[in-house]
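Residues per chain are reported as follows:
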Amino acid sequence: MTDHIARKLEELGLTLPEAAAPVAAYVPVVEAGGLLHVSGQLPFRDGQLVTGRLGDGVSLEDGQAAAQACGLMIVAQLQKYLGGDLSRVARIVKLGVFVNSTGDFTDQPKVANGASELMVALFGDHGRHARSAVGVPVLPLGAAVEVDAIVQVGEALPLPA
């Protein structure tokens, strides 16, 4: 699956960033009962944190790109935690998407699609997941989006070529 992910990333014109170090007192990934709980990941593009608020200067498209960047960071954290062996990923179970947005912005689900669509593109049907997408008045460091994940590990089913 690691080769499959690399191929898909190349097709999409994307690269995995270096897994970010925690910015506070937590660890990036905790494994419990066959599930990896991935801490909230912030959007970095070209090494810079994507900041701002949807509905106040940040477009829907920029929000979707920020959510995709969070998704890439989740995959980077998984790769690091699993010692580079993404074949242990059996299923993306759930994404939690937090969107820094104004009170009248209601397209949080569309923003969240940036991360959701990435998981399906990379993991196929194993990337289909449950999700929450909520608007919040502020995120750490002023980030535009934050995404956390629950991922099942174990025997992965083969992905289509």
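Model, not experiment: these values are computed from the prediction.

Participant: Sorry, what's going on with the pairing of strand β8 (residues 130-136) here?
Facilitator: Side-chain positions along a regular strand alternate between the two faces of the sheet. Bridge analysis of strand β7 (residues 89-100) against β8 gives 7 bridges, and the strand direction is parallel. Within the sheet, the bridge partner assigned to Val 97 lies in β8 and is Ala 133. As for the winding sense of the linkage, the β-α-β connection from β7 through helix α3 (residues 108-123) to β8 is right-handed.

Participant: Could you clarify how one ought to interpret the nonpolar core in this entry?
Facilitator: In terms of nonpolar packing, the biggest core is built from 37 residues, with Ile 74, Leu 78, Val 89, Leu 95, Phe 123, Val 145 and Val 147 touching the most fellow members. Counting only elements with at least two residues in this core, the list comes to α1 (2-12), β2 (35-41), α2 (60-81), β7, α3 and β9 (145-153).

Participant: What am I meant to see in a nonpolar patch on the surface here?
Facilitator: Taken together, the side chains of Val 23, Tyr 26 and Leu 141 define a hydrophobic patch exposed on the protein surface, amounting to about 310 Å² of accessible area. The topology assignment puts Leu 141 in the loop between β8 and β9.

Participant: So what exactly am I meant to see when it comes to the pairing of β9 here?
Facilitator: As paired elements, β2 and β9 share 5 bridges and run antiparallel to each other. Each residue of the ladder has a partner; that of Val 38, found in β9, is Ala 149. Bridge count for β7 against β9 is 9 bridges, and the pairing is antiparallel. Looking across to β9, one finds that Gly 96 is bridged to Asp 148.

Participant: Would you explain the sheet that holds β9 in this entry?
Facilitator: What holds strands together in a sheet is hydrogen bonding between their backbones, with the strands either parallel or antiparallel. Read from one edge of the open sheet, 5 strands run β1-β2-β9-β7-β8, paired in mixed fashion. With partners counted over all chains shown, the strands left at the sheet margins are β1 (29-32) and β8, one partner each. Neighbour to neighbour, the strand axes of the sheet diverge by 15 degrees on average, direction disregarded.

The rules behind the values
Residues numbered from 1 in each chain as written. Predicted model: local features only at pLDDT ≥ 70, side-chain atom pairs only at ≥ 80, totals over all residues. Heavy atoms only, no water. Pairing = 2+ DSSP bridges. Helix = DSSP H or I, 4+ residues; strand = E, 2+ residues; numbered from the N terminus. Right-handed = clockwise from strand over helix to strand, strands pointing away. Core = buried A, V, L, I, M, F, W, Y, C linked by side-chain atoms within 4.5 Å. Buried < 20%, exposed > 50% of the residue type's maximum accessible area, 1.4 Å probe, protein only. Patch = residues over 30% accessible without salt bridge, like charges linked within 9 Å, V, L, I, M, F, W, Y side chains within 5 Å. Areas by Shrake-Rupley, 256 points an atom, 1.4 Å probe, with all protein chains shown as cover. Salt bridge = Lys/Arg side-chain N within 4 Å of Asp/Glu carboxyl O. Axes fitted to C-alpha atoms, helices over the stretch in contact; angles between N-to-C directions.

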